[in-house]
Amino acid sequence: MEELRQQVLILYLASSALDTPVVGWSVYDGTGRTEPMSADADEPPYKTGVAAMRDGWRLIQLSQLIPPYPGEEFTTSYQRYECVFEKLVPR
Amino acid sequence: MTDRSKLLTTRQMALFTARGFLRFDELVPRELCERFVDAYPNSSSGAQGIPLVAAGTPLDDATTPGTPLHDYFALPQIRGIIESLVGPGSRLDHHFLHWREPDGAPAQHMHQDSTIDPRTPFDVQLMFFPQKVTREMGGTYFLPGSHFRKVNEASITRYQNIVGTKHVVCEPGTLLAMHMGIWHGGGCNRSEKRRVMYKIRLNPTVRQRRLWNDDDVDEKMNAPQPIFAPTHPYDPNDVQTILCRPERWFEADAARLEYLNRIKLWRHLLGDDSFDAHYWMTRLENEPAD
């Protein structure tokens with residue numbers, strides 16, 4: 001049986017909709033063939049979350065829409081719309 | 001007293017408020033840049049490196065006359081930037097000479113310095129690049145407009161790339177003045193040269209109110225403007241316009257929250273709690289009584 005490894009693509013979107021623009025991204029490669037790192041690219045690999053799906057990335061997690069805690073309605077913090085995708089590829 | 005002509009302008013302060021940084025290209029004379037590099041041939045503090053200075057030492061007492069470090073802080077332009085942002089009498093929090101060897105080691109993860117810090121008063125970090133930095137050398141990268149995000153230091157390391165991230169590529173003598181909250185990191189040095197950057201964090205000891213050259217602040221700057229009005233003359237240098245200009249990476253619903261953050265800081269800096277930009281605060285503060 002062929003051994004598979006996971007590649008993870010995390011896209012941060014401009015809104016909760018998967019068809020909105022990518023504003024941030026990270027890549028982790030379980031095959032070891034590439035070693036992505038911070039600040040190593042200027043342009044996102046996909047324009048939207050849907051574009052990644054059309055290229056074979058499987059969505060495995062989507063950030064929830066959580067009401068702000070009372071008193072924190074105007075606070076900005078982490079990226080709000082995180083989508084985690086995976087591909088399983090031969091080792 | 002610093003020459004007022006060397007202080008920052010109101011427009012520069014508004015840009016710092018909105019984006020969390022100011023960049024000054026080739027500000028430090030080449031001769032001083034060369035002396036600086038020669039004087040500190042060790043990356044760490046202490047012997048042959050940047051002098052060890054106790055945290056909290058007044059900046060004015062932190063350097064020894066006759067040294068390149070002293071001469072750097074004595075430059076009227078540097079004093080003007082420091083005094084505009086954190087005032088006279090600021091304290092040295094820490095300083096360090098950062099070296100990045102040309103070994104292709106992975107880039108530093110994106111982070112915010114120190115700890116989570118919800119204060120409105122802010123520290124400033126000055127990054128001085130005494131040598132030319134090419135893109136290959138992996139100069140400091142940073143994210144404009146990230147300074148209001150309440151995150152805790154290295155918790156953001158998961159973020160590898162964000163649209164609009166800037167990379168320092170510069171000539172010798174270039175300076176970045178950054179709000180303490182800006183997300184940043186050191187890039188991967190893929191060149192054949194060592195990269196050098198001197199960073200200092202300064203704490204204010206005075207209220208940060210109108211410390212810059214505010215001679216141009218007038219009523220027009222603070223007056224309400226029509227909003228959602230395409231025919232209203234667009235002035236990119238207008239303070240309200242600067243405070244309401246989004247970064248490319250802002251989420252669709254976070255941009256307006258960031259405008260509120262900027263307006264609150266500008267009120268603090270201006271010493272005027274009635275200031276508003278494009279009506280964002282006024283609308284929220286409208287709570288008519290019986």
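If you're wondering where the values come from, they're calculated on a predicted model, not measured in any experiment. (Residues numbered from 1 in each chain as written. Chains lettered and ligands numbered in written order. Predicted model: local features only at pLDDT ≥ 70, side-chain atom pairs only at ≥ 80, totals over all residues.)

1. Thoughts on the overall build of chain B
Rule in force here: Secondary structure elements follow DSSP: runs of H or I no shorter than four residues count as helices, runs of E no shorter than two count as strands, and numbering proceeds from the N terminus. Using C-alpha atoms as the atom set, the radius of gyration is obtained and then compared with a globule rule of 2.2 Å times the number of residues to the power 0.38. Exposure classes come from backbone-placed C-beta atoms, where a residue is buried if 20 or more other C-beta atoms lie within 10 Å of its own, exposed if 12 or fewer do, and partly exposed in between. By definition, residues are in contact whenever their C-beta atoms, placed on the basis of the backbone, come within 7 Å of each other.
Assigned secondary structure in chain B consists of 8 helices and 10 strands. Relative to the globule expectation of 19 Å for 290 residues, the C-alpha radius of gyration of chain B, 20 Å, shows essentially globular dimensions. Within chain B, the proportion of its 290 residues that are buried is 41%. Taking all contacts inside chain B whose residues are at least 6 apart in sequence as the whole, residues at least 24 apart take part in 86%.

2. A short note on the interface of chain A and chain B
Defined as follows: Just so you know the grouping, Ala, Val, Leu, Ile, Met, Phe, Trp, Tyr, Cys and Pro go in nonpolar, Asp, Glu, Lys and Arg go in charged, and all remaining residues, Gly too, go in polar. Strand pairing is assigned whenever DSSP identifies at least 2 bridges connecting the two strands.
Taken together, the contact between chain A and chain B spans 23 residues of the former and 30 residues of the latter. The biggest single contributor to the side of chain A that touches chain B is strand S2 (residues 22-29) of chain A, with 5 residues. The residue makeup of the side of chain A that touches chain B, split by class, is 13 nonpolar, 8 polar and 2 charged. Bridge count between S2 of chain A and strand S6 (residues 161-162) of chain B: 2 bridges; the pairing is antiparallel. Note on S6 of chain B: the bridge partner recorded for Trp 25 of chain A is Asn 161 of chain B.

3. Notes on the sheet that holds strand S3 (residues 58-62) of chain A
The strands making up a sheet associate through backbone hydrogen bonding, with each pair oriented either parallel or antiparallel. Taken together, the 5 strands give an open sheet; going across it, the order is S3(A)-S4(A)-S1(A)-S2(A)-S6(B), and neighbouring strands pair in antiparallel fashion. Looking along the sheet, the strands with just one partner apiece sit at the ends: S3 of chain A together with S6 of chain B. Of the pairings in the sheet, the one linking strand S1 (residues 4-13) of chain A to strand S4 (residues 82-90) of chain A comprises 9 bridges and is antiparallel in character. Within the sheet, the bridge partner assigned to Ile 10 of chain A lies in S4 of chain A and is Val 84 of chain A.

4. So, the environment of Pro 224 of chain B
Mapped onto the fold, Pro 224 of chain B is located in the loop between helix H5 (219-222) and helix H6 (239-243). It is 19 Å that separates the C-alpha atoms of Pro 224 of chain B and Ala 18 of chain B, two residues lying 206 residues apart in sequence.

5. Observations regarding the domain arrangement of chain B
Residues and elements named next belong to chain B. Using the following cut-off: Each domain's extent is set by a domain assignment, obtained either automatically or from a database.
Segmentation of chain B into domains returns domain 1 (4-203) and domain 2 (219-285). Computed over C-alpha atoms only, the centres of domain 1 and domain 2 are separated by 28 Å. Contact with domain 1, which involves 14 residues of that partner, is made by 17 residues of domain 2. When residues in the side of domain 1 that touches domain 2 are grouped by element, the largest group, 7 residues, is from helix H1 (residues 10-19). Residue composition of the side of domain 1 that touches domain 2, by class: 8 nonpolar, 5 polar and 1 charged.

6. Regarding the nonpolar core
Defined as follows: Among buried residues, those of type Ala, Val, Leu, Ile, Met, Phe, Trp, Tyr and Cys that are joined through C-beta atoms within 7 Å form a set called a nonpolar core.
In this structure, Leu 11 of chain A together with Val 124, Phe 128, Ala 177 and Leu 243 of chain B are the most contacted members of the largest nonpolar core, which totals 83 residues. Ranked by residues supplied to this core, first place goes to helix H7 (residues 255-270) of chain B with 6 residues. Built from parts of two domains, this core gets at least three residues from each of domain 1 (4-203) and domain 2 (219-285) of chain B.

7. Regarding H1 of chain B
Residues and elements named next belong to chain B. Within H1, 8 of the 10 residues are buried, which leaves the element mostly enclosed by the surrounding structure. Of the residues making up H1, those classed as buried are Thr 10, Met 13, Ala 14, Leu 15, Phe 16, Thr 17, Ala 18 and Arg 19. Against strand S1 (21-24), helix H4 (76-86), strand S8 (174-179), H6 and H7 lie the buried residues of H1. Just beyond H1, the residue with positive phi is Gly 20, at close to 80°.

8. Comments concerning the sheet that holds strand S10 (residues 195-203) of chain B
The 6 strands lie next to each other as S1-S8-S4-S10-S3-S2 (chain B), forming an open sheet whose pairing is antiparallel. Where the open sheet ends on each side, the last strands, each with one partner, are S1 and strand S2 (57-58) of chain B.

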